[in-house]
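So you can see what is in the structure, the chains are spelled out below.
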Amino acid sequence: PNEQIRFEKQALSFTFNEFLNLSNPNEQIIVTPPLDYPFETELKKFKTLIFQFNEKETLKENVTYSINFGEAIKDFTEGNAFEYSYVFSTGDYIDSLEFKGTITDAFTNEPVEKALVLLYSNTQDSVVRSEKPFYFARTNKQGVFQLRNLRADTFKLAALVDKNVNYLFDLE
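Computed from a prediction, not measured in an experiment: that's the story for all the values here.

*Asks:* Please give an account of the pattern of salt bridges that cites residues and values.
*Replies:* Between side chains of opposite charge, a pair can form when the charged atoms approach closely. With the rule as written, the count across this model stands at three salt bridges. Salt-bridge contacts for Asp92 lead to Arg6; the nearest nitrogen and oxygen are separated by 3.1 Å. Separated by 86 residues along the polypeptide, Asp92 in the loop between β9 (85-89) and β10 (97-102) and Arg6 in the loop between β1 (3-4) and β2 (12-15) bring together distant segments of the chain. Like Arg6, Asp92 is exposed. Residue Arg151 is joined to Asp153 by a salt bridge in which the shortest nitrogen-to-oxygen separation is 3.0 Å. Using a relative accessible area of 45% as the deciding quantity, one classes Asp153 as partly exposed.

Here is the structure:
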């Protein structure tokens, strides 16, 4: 019910059967592969969430996209988050491979929370400084990440704590 093929760019409307709050959508909502322009969200009548692509945005051909709402959608009364994601493909099928693992600090061996795990279709060493990843996920409190709806391909993997949220390794 939350997957679509042959998707053409349009506003998405999600109606729920409970009253909702929208909490930090720009921080919580993750679209992968990343979009080139910021999206907009709006909550109408406390039950309908509108997701709007930027008018300049161009979706890639034959690519599966995932919109993960993180903890942005919350029950109005109880405040608990409603985990929801929407998957669509601009092609004829939904990519279905998955990759999961755990990120730990190399010095302390402790799990790294809120690290970005990045997959690049370009496998050059400098790609982490020059391009946004094709897929990405965030780690949870235990350092666990899961990348879903991946296409069959060869990728370069990197993980970083991205404090300025630009999806690039830009330290000196």
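Here the narrative resumes, following the displayed structure.
*Asks:* Could you give me a rundown of the sheet that holds strand β11 (residues 116-120), with the residues and numbers involved?
*Replies:* Backbone hydrogen bonds are what pair the strands of a sheet, in a parallel or an antiparallel way. Spatially, three strands are ordered β12-β11-β14 in an open sheet, and the strand pairing comes out antiparallel. Looking at which strands have only one partner, the edges of the open sheet turn out to be β12 (135-138) and β14 (156-160). Neighbour-to-neighbour, the strand axes of this sheet turn through a mean angle of 15°, independent of strand direction.

Quick notes on the rules
Residue positions within a chain follow its written sequence, with the count starting from 1. Reporting in this predicted model follows two pLDDT cut-offs: at least 70 for local features of residues, and 80 or more for side-chain atom pairs to be given and counted; totals over whole chains, interfaces and linings ignore these cut-offs and use all residues. Working from all heavy atoms in the structure, the side-chain values ignore hydrogens and water. For salt bridges, the criterion is a side-chain nitrogen of Lys or Arg within 4 Å of an Asp or Glu carboxyl oxygen. Only DSSP runs of H or I covering at least 4 residues are called helices, and only runs of E covering at least 2 are called strands; the numbering of each starts at the N terminus. Relative accessibility decides the category of a residue: with a 1.4 Å probe and only protein chains considered, values under 20% of the type maximum give buried, values over 50% give exposed, and everything between is partly exposed. The pairing criterion for strands is at least two bridges between them, as found by DSSP. Helix axes are fitted to C-alpha atoms over the stretch in contact, other axes to C-alpha atoms as well, and angles between N-to-C directions run from 0 to 180 degrees.

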